[in-house]
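Residue-level listing of the chains:
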Amino acid sequence: TFVNITKGCDNFCSFCVVPYTRGREKSRPMSHVLQDVKTLVQRGVKEVTLLGQNVNSYTSDCGANFGQLIDEIAQKTNIERIRFTTSHPKDFNAELVDIMARNHEKVCEYIHLPIQSGNSSILELMNRGYTREEYLEKIQMIRSRFPQVVFSTDIIVGFPGETEEHFQDTLSIVEAVGYETIFAFMYSPRPLTKAARFENQVEEAVKSERLQRLFEAHNKMAFELVKKYEGQTLMVLVEKSEEKVPNEITLNGRSTQNKLVYFSGDASLVGQTVPVKILKAFPAVLRGELVIS
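Since the structure is predicted, the reported quantities are computational estimates derived from the model, not experimental observations.

Enquirer: Which parts of the structure should I look at to understand the packing of helix α3 (residues 66-76) against helix α4 (residues 94-102)?
Expert: Geometry of a packed helix pair, given as the angle between the helix axes and the separation of the axes. Their axes nearest at 8 Å, the elements α3 and α4 cross at an angle of 15°. Judged on the interaxial angle alone, α4 and α3 are roughly parallel. The two elements α3 and α4 meet at a crossing, and its hand is left-handed. Here Phe 66, Gly 67, Gln 68, Ile 70 and Asp 71 of α3 lie close against α4, whose contacting residues are Glu 95, Leu 96, Ile 99 and Arg 102.

In structure tokens form, the structure reads like this:
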């Protein structure tokens, strides 16, 4: 279940309309969020995703920051799993990572950390508040404290002024970080945003071609990255069951790495967290077998 912790945004990225449509950022009181999670647990919820345009700039009226909110949820509720999205790289700090690592039994080892572009000049035009080098330093800092973490990201191709050289920087940072999942889009102008008025808009055909190249480059990487899961036993929270073949039930659910896992089993397992040995790994899904003790 999603639990909203913030609304609006104060970042004013030059491509984004959210601050104009949803207003300035406002955080919910920590006590309200804690009560929401406790109520959900009573209803049988096993996993929550803390949701906001920029969750890690969260500040409660009591002064608690996002890391402290996670710590409170982990320590004072019986929720089984905690996820969150979306994080802003400029606000991701060592305190937050240390809290995640300390509560690793509940906090999923998955972070969605949008890069948007791998080129510092384009990032400045986007008003992202960090450089390529600073982003890579954050990745290194996170991995040094939380080694098992898995990253995904958002990328915009064809931002106004993006050259082939700029785009190559994006390709190279995707490889350098080793994102297991990317969400990539062609730039499109949004009303009221600064970027919509920028000169040097990139032609649609060029944007489309770059997006295709990005997906092709990542797909090659992704097959290799997920091979590490083959032979591993992952804890899977079972979400659905379906009978595609008579008398054969297929279950699917999410691992703590946010991987969609398919395996055979009884429908009564829906809602439970079970060990699944991964037999075959693909970029989008993993297939395995239930480990019976």
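Having seen the model, we can carry on.
Enquirer: What's the story with the pattern of salt bridges in this structure? I'm lost.
Expert: Charged atoms that come close allow side chains of opposite charge to pair. In this structure the tally under the stated criterion is 15 salt bridges. Arg 102 is the salt-bridge partner of Asp 71, the closest N and O atoms lying 3.6 Å from each other. Here Asp 71, found in helix α3, pairs with Arg 102, found in helix α4; they are 31 residues apart in sequence, far enough to count as distant. Lys 228 serves as the salt-bridge partner of Glu 180, at 2.7 Å between the closest nitrogen and oxygen. Remark: Lys 228 occurs in the loop between α8 (204-225) and β9 (233-245) and Glu 180 occurs in the loop between α7 (164-177) and β8 (181-186); sequence separation between them is 48 residues. The class for Glu 180 is buried, based on a relative accessible area of 4%.

Enquirer: Even after reading the chapter, I still don't get unusual backbone geometry, so can you show me in this structure?
Expert: Across the chain, the bulk of peptide bonds are trans and the bulk of non-glycine residues have phi less than zero. The linkage connecting Thr 85 with the following residue, Thr 86, adopts the cis geometry, with an omega of 5°. By the element assignment, Thr 86 lies in the loop between β5 (81-85) and α4. In the Ramachandran plot, Leu 192 falls in the positive-phi region, its phi being about 80° despite a non-glycine side chain. Mapping Leu 192 onto the fold places it in the loop between β8 and α8. Look at Leu 192 and you get exposed, because its relative accessible area is 59%. Unusually for a residue other than glycine, Asn 200 sits at a positive phi of about 60°. Within the fold, Asn 200 resides in the loop between β8 and α8.

Enquirer: Before we go on, may I ask you to explain the state of the cysteines in this structure?
Expert: Every disulfide links exactly two cysteines, by a covalent bond between their sulfur atoms. Scanning the entire structure with this criterion turns up zero disulfides. No disulfide involves Cys 13; its sulfur sits 6.1 Å from that of Cys 16, the nearest cysteine. Residue Cys 13 is classed as buried on the basis of its relative accessible area of 10%.

Enquirer: Help me out: how do you make sense of the pairing of strand β10 (residues 248-255) in this one?
Expert: In terms of strand pairing, β9 meets β10 through seven bridges, oriented antiparallel. Bridging across to β10, Val 236 finds its partner in Ser 255. Taken together, β9 and the strand that follows it, β10, pair antiparallel across an intervening segment of two residues, in which Asn 247 is found at a positive phi of about 65°. In this structure, β10 lies alongside strand β11 (residues 260-264), joined through five bridges in antiparallel fashion. Note on β11: the bridge partner recorded for Leu 251 is Phe 263.

Enquirer: So what exactly am I meant to see when it comes to α8 here?
Expert: Every α-helix carries 3.6 residues per turn, so stepping three or four residues along brings you back to the same face. For α8, with 22 residues, the first-to-last C-alpha span of 31 Å sits near the 32 Å given by 1.5 Å per residue. Buried residues of α8: Lys 207, Arg 210, Leu 211, Leu 214, His 218, Met 221 and Ala 222, and no others. Elements that come into contact with the buried residues of α8 comprise β7 (150-157), α7 and β8.

Enquirer: Quick question: what am I supposed to make of the sheet that holds β7 here?
Expert: The pairing of strands in a sheet comes from backbone hydrogen bonds and takes either a parallel or an antiparallel form. Reading across the sheet, the three strands line up as β6-β7-β8 and stay open at both edges, with parallel pairing between neighbours. Both edges of this open sheet fall to β6 (110-112) and β8, since each of them pairs with a single strand only. Mean inter-strand twist for the sheet, computed between neighbouring axes without regard to direction, equals 10°. Where β6 lies against β7, three bridges are found, and the strand directions are parallel. Opposite His 112, over in β7, you have Ser 152 as the bridge partner.

Enquirer: Would you explain the sheet that holds strand β12 (residues 273-281) in this entry?
Expert: Reading around the circumference, β9-β10-β11-β13-β12 is the order of the five strands in this closed barrel, with mixed pairing throughout. Looking at each pair of strands side by side, their axes are set apart by 45° on average, direction ignored. Strand direction decides the pairing type here: β12 and strand β13 (residues 285-290), joined by five bridges, are antiparallel. Residue pairing for β13: Ala 281 is matched across the bridge by Leu 286.

Definitions and cut-offs
Residues numbered from 1 in each chain as written. Predicted model: local features only at pLDDT ≥ 70, side-chain atom pairs only at ≥ 80, totals over all residues. Heavy atoms only, no water. Axes fitted to C-alpha atoms, helices over the stretch in contact; angles between N-to-C directions. Helix = DSSP H or I, 4+ residues; strand = E, 2+ residues; numbered from the N terminus. Parallel < 35°, antiparallel > 145°, perpendicular 65-115°, else oblique. Left-handed = near helix turned anticlockwise from the far one by under 90°. Contact = heavy atoms within 4.5 Å. Salt bridge = Lys/Arg side-chain N within 4 Å of Asp/Glu carboxyl O. Buried < 20%, exposed > 50% of the residue type's maximum accessible area, 1.4 Å probe, protein only. Disulfide = S-S within 2.5 Å. Pairing = 2+ DSSP bridges. Expected span 1.5 Å × (residues − 1).

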